[in-house]
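The chain contents come next:
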Amino acid sequence: MQKNLKIVVASDSYKGSASTFEVNQPIAAGVKRVLPQATVKQLPVGDGGENTARALTAALGGEMKTVTVTGPLGMPVEAAYGLLNQGRAIVEMAQASGLTTIPTDALNPYQATTYGTGELIKAALDDGVQEIYVGIGGSATNDGGLGMAQALGYEFKDESGQEVGYGASEIIKIKSISKRNVDPRLFKTKITILSDVTNPLVGKNGASYVYGKQKGATEDDLPLLDQLLDRFASLLQVFFKQDIRTKVGGGAAGGLGAGLMLFCGAEFCQGVDRILDLLGIDQLLKSADLVITGEGKIDAQSLNGKAPLGIAQRAKKYGLPVIAIVGGISGDIEKVYDHGIDLVLTTVNRPMKLKQAIGETRSLLQSAGETAIRSYLLGSNVKGTGV
């Protein structure tokens, strides 16, 4: 008889289709169908984007709390944040100001605001926490964190002394900035940004040019949106005596990264690395035989701080094989094999339309889990398993 294999299943969510929990569970079931005696540990993960708060809170035995906040277009939305142990909280901007909170045909990068994200931070402060993690993936906004700052008490006045409105288009009206009414608890709280995006605030590699289109911008909008953020950076440079334009991660979430750094004194961290540390993944990997990870789509962007690559690189510290189960493959993925992933499997096992694949997500994931473990057994020449 072979030893009792220990397998870690730690997949990111499939955006718009399944949460990290809904991905991990059927994969684990597929593994157990082949190897009933295997020890399978499911680890919910994220990289700072959608579902990160719920995954981290569940893994650490915390509590999710739901509040009503201002959505990206000013309408109320229900948003949840997580209360962790040791006086910590995790806020996910996608819950309050994300793409999933509004219909695709309503996206507007000029009007979208991060105000609700500021309200989520304030709700966490009301719980008396000393440290807040802010995951900033999946944003619908391009306002440089203006709305977030407004929610926390910063004042942005126009030439007539009136507070400006929401969104990037209001930046042009700002004539003065004041922090006299900022929540004082903000400056006594450690805030850490969790992001898989390292782009600067402005320029061709900045927030607007790289991510503006997915938030509803046209090609013609990009220069203007970039100019608005550059103007905002100039105003903030005068106020804070810091130039935020080229800061790593400043362009994350339409400039919310830069806003958090200046308005909240936040520290920027590669999201997946800090999350994996918080989850204590190394302890699991030390005794594991195989790691199965994944995400909705694997492509060249997966190299930029996405959860599967972060997990794979940790696994390689312990010499572990890594299989990625994904919903789809886009473009050339050869480079992912140079970053710790040994095999990529897709859930789609026959010709089907996207709607059908989404509807069959659970069964497809279970089948992929079976294929993954059979591939491992074949590769390692394990005998006596009944396979």
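All figures in this text were calculated on a predicted structure; none of them were measured in a lab.

Right, let's get into the packing of helix H7 (residues 221-240) against helix H8 (residues 252-264). In contact at an axis separation of 12 Å, H7 and H8 are set at 5 degrees when each is read in the N-to-C sense. By the angle class used here, H7 and H8 are roughly parallel. Across the interface between the two elements, Leu229, Phe232, Leu236 and Phe240 from H7 touch Gly254, Leu262 and Phe263 from H8. Per-class residue counts for the contact of H7 with H8 are six nonpolar, one polar and no charged.

Note that Arg88 resides in strand S5 (residues 88-92). Buried charge without a partner: Arg88 forms no salt bridge, and the closest opposite charge is Glu131, 5.2 Å away. For Arg88, the residues in contact, after removing those within four places along its chain, are Leu60, Gly82, Leu83, Val129, Glu131, Tyr133 and Leu278.

Further remarks concern the confidence of the model for the protein. A low pLDDT score tells you not to read the predicted coordinates there in detail. Residues with a pLDDT of 70 or more make up 96% of the protein, whose mean pLDDT is 91. In the predicted structure, residues 382-387 sits below a pLDDT of 50 and forms ten contacts with residues beyond four places in sequence or in another chain.

We now examine the nonpolar core. Ile121, Ile132, Ile136, Phe156, Phe232, Leu260 and Phe263 are the most contacted members of the largest nonpolar core, which totals 61 residues. Not counting residues within four places of it along the chain, the set of residues in contact with Phe263 comprises Gly144, Gly145, Met148, Ala149, Tyr154, Phe156, Leu186, Phe187, Phe232, Leu236 and Phe240. Core analysis: the next-biggest nonpolar cluster, separate from the first, contains 33 residues, Val272, Leu278, Ala312 and Val326 among them.

Further remarks concern the side chain of Thr114. Tracing the backbone shows Thr114 in the loop between helix H3 (93-97) and helix H4 (115-126). Side-chain polar atoms of Thr114 contact the backbone nitrogen of Gly147, separated by 3.4 Å. Discounting residues that sit within four places of it in the chain, Thr114 has contacts with Met93, Ser97, Thr141, Asp143, Gly145, Leu146, Gly147, Met148 and Leu256.

Before going further, it helps to examine the sheet that holds strand S11 (residues 290-298). Read across the sheet, five strands follow the order S2-S1-S11-S12-S13 without closing on themselves; strand pairing throughout is parallel. Each edge of the open sheet is held by one strand with a lone partner, namely strand S2 (39-42) and strand S13 (343-346). Going across the sheet, the axis of each strand differs from the next one's by a mean of 25 degrees, ignoring polarity. Here seven bridges tie S11 to strand S12 (residues 322-329), and the two strands are oriented parallel to one another. Pairing of Val291 across the sheet is with Val322, part of S12. Packing of helix H1 (residues 20-34) onto the sheet brings it into contact with strand S1 (6-9), S2, S11 and S12, and relative to S2 it is tilted by some 175 degrees.

This next bit is on the sheet that holds strand S10 (residues 267-270). The sheet built from six strands is open, its strands ordered S3-S4-S5-S6-S9-S10 with mixed pairing. Sheet topology places strand S3 (63-70) and S10 at the edges, where each strand pairs with a single neighbour. Between one strand axis and the next, the sheet turns by 30 degrees as a mean value, whatever way the strands run. Relative to S10, strand S9 (residues 190-195) runs parallel, the two being bridged by four bridges. Across the sheet, residue Ile193 finds its bridge partner in S10, namely Phe268. Helix H2 (residues 52-59) rests against S3, strand S4 (76-83) and S5 of the sheet, and its axis sits at about 155 degrees to S5. Sitting on the sheet, H4 is in contact with S3, S4, S5 and strand S6 (131-135), with an inclination near 135 degrees to S3.

With that settled, consider unusual backbone geometry. Keep in mind that most residues, glycine aside, have a negative phi and that most peptide bonds are trans. If you check the backbone angles, Gln86 has positive phi at about 60 degrees while not being a glycine. Structurally, Gln86 is set in the loop between S4 and S5. Looking at Gln86, the relative accessible area reads 67%, which means it is exposed. Even without glycine at this site, Ala253 takes up a positive phi of about 55 degrees. Within the secondary structure layout, Ala253 lies in helix H8. Residue classification places Ala253 among the buried residues on the basis of a relative accessible area of 8%.

Conventions adopted
Residues numbered from 1 in each chain as written. Predicted model: local features only at pLDDT ≥ 70, side-chain atom pairs only at ≥ 80, totals over all residues. Heavy atoms only, no water. Axes fitted to C-alpha atoms, helices over the stretch in contact; angles between N-to-C directions. Helix = DSSP H or I, 4+ residues; strand = E, 2+ residues; numbered from the N terminus. Parallel < 35°, antiparallel > 145°, perpendicular 65-115°, else oblique. Contact = heavy atoms within 4.5 Å. Nonpolar A, V, L, I, M, F, W, Y, C, P; charged D, E, K, R; others polar. Buried < 20%, exposed > 50% of the residue type's maximum accessible area, 1.4 Å probe, protein only. Lys, Arg positive; Asp, Glu negative; His and termini not counted. Salt bridge = Lys/Arg side-chain N within 4 Å of Asp/Glu carboxyl O. pLDDT = per-residue confidence, 0-100. Core = buried A, V, L, I, M, F, W, Y, C linked by side-chain atoms within 4.5 Å. Polar contact = N/O pair within 3.5 Å; in protein donor to acceptor, adjacent residues only side chain to side chain. Pairing = 2+ DSSP bridges.

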